[in-house]
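Structure at a glance
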Amino acid sequence: MTAASGIEGAIQMLEGRWKLVILFHLFGGNTLRFSDLERAIPAVSQKMLSQQLRQLEQDGIVARTVHAQVPPKVEYHLTDWGQSLCPALDELLAWAERRPMPEREEDPSKT
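Residue indices begin from 1 for each chain and proceed along its sequence in written order. The model is predicted, so local features are restricted to residues of pLDDT at least 70 and side-chain atom pairs to those at 80 or more, both for listing and for counting; the totals for chains, interfaces and linings are taken over all residues. Excluded from the side-chain calculations are hydrogens and water; all other atoms, namely the structure's heavy atoms, are used.

Some thoughts on the side chain of Gln52
Using the following cut-off: Every helix listed is a DSSP run of H or I at least four residues long, and every strand listed is a run of E at least two residues long, numbered separately from the N terminus. Burial here depends on accessible area, computed with a 1.4 Å probe over protein chains only, as a share of the maximum for the residue type. Under 20% is buried, over 50% is exposed, and the range in between is partly exposed. What qualifies as a polar contact is a pair of N or O atoms within 3.5 Å, subject to a donor-acceptor requirement within protein and to the restriction that residues adjacent in sequence count only when both atoms come from side chains. The contact criterion used throughout is that any non-hydrogen atoms of two residues lie within 4.5 Å.
Its place among the elements puts Gln52 in helix α4 (residues 46-58). Residue Gln52 is classed as buried on the basis of its relative accessible area of 4%. In this structure the side chain of Gln52 is engaged in a polar contact, spanning 3.2 Å, whose partner is the backbone nitrogen of Trp18. The contacts of Gln52, once residues within four sequence positions are left out, are Gly16, Arg17, Trp18, Lys19 and Ile22.

In structure tokens:
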């Protein structure tokens, strides 16, 4: 297995417009109901949130707990393996914050 194919597999688990946002809301041991995630990410549709959570659950990153009550109560939290992703994503965020700003070319008409 090459590093390129390894990273491809990792990216496939995390690709999707909302997956990283969902993960950041669940980091730190947070357990959130579906409605809590909807409120925390107002731009996501119910269908897309449900899809992304289902994929994260299938990949073993998020765990889903269904409480037998009326109305049904469903909660989501990170698995231990999912929580172990936190330092890597924190580093990715720090890397993005260190992005050098491109120097602007001076407009010759203003000189």
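Moving on from the coordinates now.
Remarks on the sheet that holds strand β3 (residues 73-78)
Quick note on the threshold: Here, any two strands with at least 2 DSSP bridges between them count as paired. Think of each axis as a best-fit line through the C-alpha atoms, taken over the contacting stretch in the case of a helix, with angles from 0 to 180 degrees between the N-to-C directions.
Judged by pairing direction, the sheet is antiparallel, and its 3 strands sit side by side in the order β1-β3-β2 without closing on themselves. Pairing within the sheet leaves two strands with one partner each, and these edge strands are β1 (32-33) and β2 (62-67). Of the strands in this sheet, β1, β2 and β3 are in contact with helix α2 (residues 19-26), which crosses β3 at around 90°.

Let's talk about the pattern of salt bridges
This is how the line gets drawn: Each reported salt bridge corresponds to a side-chain nitrogen of Lys or Arg within 4 Å of a carboxyl oxygen of Asp or Glu.
Tallied over the entire structure, the rule returns 3 salt bridges. With its nearest N and O atoms 2.7 Å apart, the salt bridge here joins Arg39 to Asp36. Separated by 3 residues within a single helix, Arg39 and Asp36 lie in helix α3 (residues 34-40), roughly one turn from each other. We classify Arg39 as exposed; its relative accessible area is 58%. Using a relative accessible area of 26% as the deciding quantity, one classes Asp36 as partly exposed. Here Arg98 makes a salt bridge to Glu91, at a shortest N to O gap of 3.4 Å. For Arg98, a relative accessible area of 52% gives the class exposed. Glu91 gets classed as partly exposed once you look at its relative accessible area, which sits at 45%.

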